[in-house]
Amino acid sequence: MVGCEGLAGLLCKKSGGEEELGVFYPIRPECQENASRTRFRLRAGKTLSPRKWHAAFCEDGHLDIAKVLTRIQRGGIHPAIKGLVWEFLLGCYGPNSTFEERNQIRQRRREQYSIWKAECKNLVPVIGSGKFITTPIITDDGQPITDSSTNNDQGVHVNNAVSDKKAIQWMLLLHQIGLDVVRTDRTLVFYESETNQAKLWDVLAVYAWVDSDIGYVQGMNDICSPMVILLENEADAFWCFDRAMKRLRENFRCSASSIGVQAQLSTLSQVIKTVDPKLHKHLEELDGGEYLFAFRMLMVLFRREFTFVDALYLWEIDFS
């Protein structure tokens, strides 16, 4: 991420006629050699630039969304404004809202997030501390774990047994969220910072508290990470993630008899069977006719199959 004072220079920086994407999402030096090459490139006159984005608003704040979507579909979104644009693409704000209406909505949502986060912090004080946990803090029946190998040195103290079923269910998820956080986008410099990792953990933890029906499922960290990176304010990142999950939450609903993306896997099977019968037949011969190999691809929208930048571009096309 870059500060505003350096933004003007970055917008002008070119490499072979193309703006450097790496300066916005730098890769850790030790990971650069093995990092996949990003295919997406900013294209002058086609990519939605900061100038074109600001010009799409009328005086009171109404957005010409049709013009914006056309440019996104032609060339994606410039990194400097991705977070702002995503708030509209994901439905946080309607294009017919005014500047004043959006300010009011933003403030209400930030206040609501603070309330939920305070509820979580009251149960587990490490929430909001810039730290996070990776080992269990209670047993399945709500008894506190006091073993010295836990994260009590980070401020996690569960002194009494927990009886509330919702609280137990939520607290049992926290260490799994932490384990997934440390695996998330490990090649990016952004997550070298424990503070940024904790920000991702906080957002996922609060969401699991609010949406107790889904809670937390592995893979939600991949969906949430771009929001945390693109939006500096944690509450704004939470609400973007919340809107994304409204579209994707069924992907993460699994039972003993079905998996969340089963319908999508069936659709993929039918599409491939129609478009490329030979490939479909070959996959069936390899015992891949149910397309379970595509489970992860569909569940987290190809986040792990493409580079960070390419995945964002793919999502932008899908969202628009």
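Scroll up to find the structure this text is about.
Keep in mind that what you see is a predicted model, and the values were worked out from it rather than measured. (Residues numbered from 1 in each chain as written. Predicted model: local features only at pLDDT ≥ 70, side-chain atom pairs only at ≥ 80, totals over all residues. Heavy atoms only, no water.)

**Some remarks on the overall build of the protein chain**
In step 1: When its secondary structure is counted, the protein chain shows 13 helices and two strands.
In step 2: Across the 320 residues of the protein chain, 45% fall into the buried class.
In step 3: Long-range pairs, those at least 24 residues apart, make up 68% of the contacts in the protein chain between residues at least 6 apart in sequence.
In step 4: Carbon and sulfur atoms provide 51% of the accessible area of the protein chain, an area that totals close to 16500 Å². (Helix = DSSP H or I, 4+ residues; strand = E, 2+ residues; numbered from the N terminus. Buried < 20%, exposed > 50% of the residue type's maximum accessible area, 1.4 Å probe, protein only. Contact = heavy atoms within 4.5 Å. Areas by Shrake-Rupley, 256 points an atom, 1.4 Å probe, with all protein chains shown as cover.)

**Side note on the packing of helix 8 (residues 220-230) against helix 13 (residues 308-319)**
In step 1: Packing of helix 8 against helix 13 leaves a shortest axis separation of 12 Å and a crossing angle of 95°. On the basis of the axis angle, helix 8 is roughly perpendicular to helix 13. Mapping the contact onto sequence places Asp222, Ile223, Pro226, Ile229 and Leu230 in helix 8 and Phe308, Leu312 and Trp315 in helix 13.
In step 2: In the contact of helix 8 with helix 13, the residues fall into seven nonpolar, no polar and one charged. (Axes fitted to C-alpha atoms, helices over the stretch in contact; angles between N-to-C directions. Parallel < 35°, antiparallel > 145°, perpendicular 65-115°, else oblique. Nonpolar A, V, L, I, M, F, W, Y, C, P; charged D, E, K, R; others polar.)

**Describing a negative patch on the surface**
In step 1: A cluster of acidic side chains, namely Glu59, Asp60, Glu100 and Glu101, defines a negative patch on the protein surface.
In step 2: With respect to the helices and strands, the residue Asp60 is situated in the loop between helix 2 (50-55) and helix 3 (65-75).
In step 3: Accessibility expressed as a relative area gives 36% for Asp60, which makes it partly exposed. (Patch = residues over 30% accessible without salt bridge, like charges linked within 9 Å, V, L, I, M, F, W, Y side chains within 5 Å. Salt bridge = Lys/Arg side-chain N within 4 Å of Asp/Glu carboxyl O. Lys, Arg positive; Asp, Glu negative; His and termini not counted. Charge placed at Lys NZ, Arg CZ, Asp CG, Glu CD.)

**Description of unusual backbone geometry**
In step 1: We note that Asp185 has phi near 40°; this positive angle belongs to a residue other than glycine.
In step 2: Assignment of secondary structure puts Asp185 in the loop between helix 6 (165-181) and helix 7 (194-210).
In step 3: Phi at Leu301 is positive, roughly 55°, even though this residue is not glycine.
In step 4: Relative to the elements of secondary structure, Leu301 occurs in the loop between helix 12 (295-299) and helix 13.
In step 5: Looking at Leu301, the relative accessible area reads 17%, which means it is buried.

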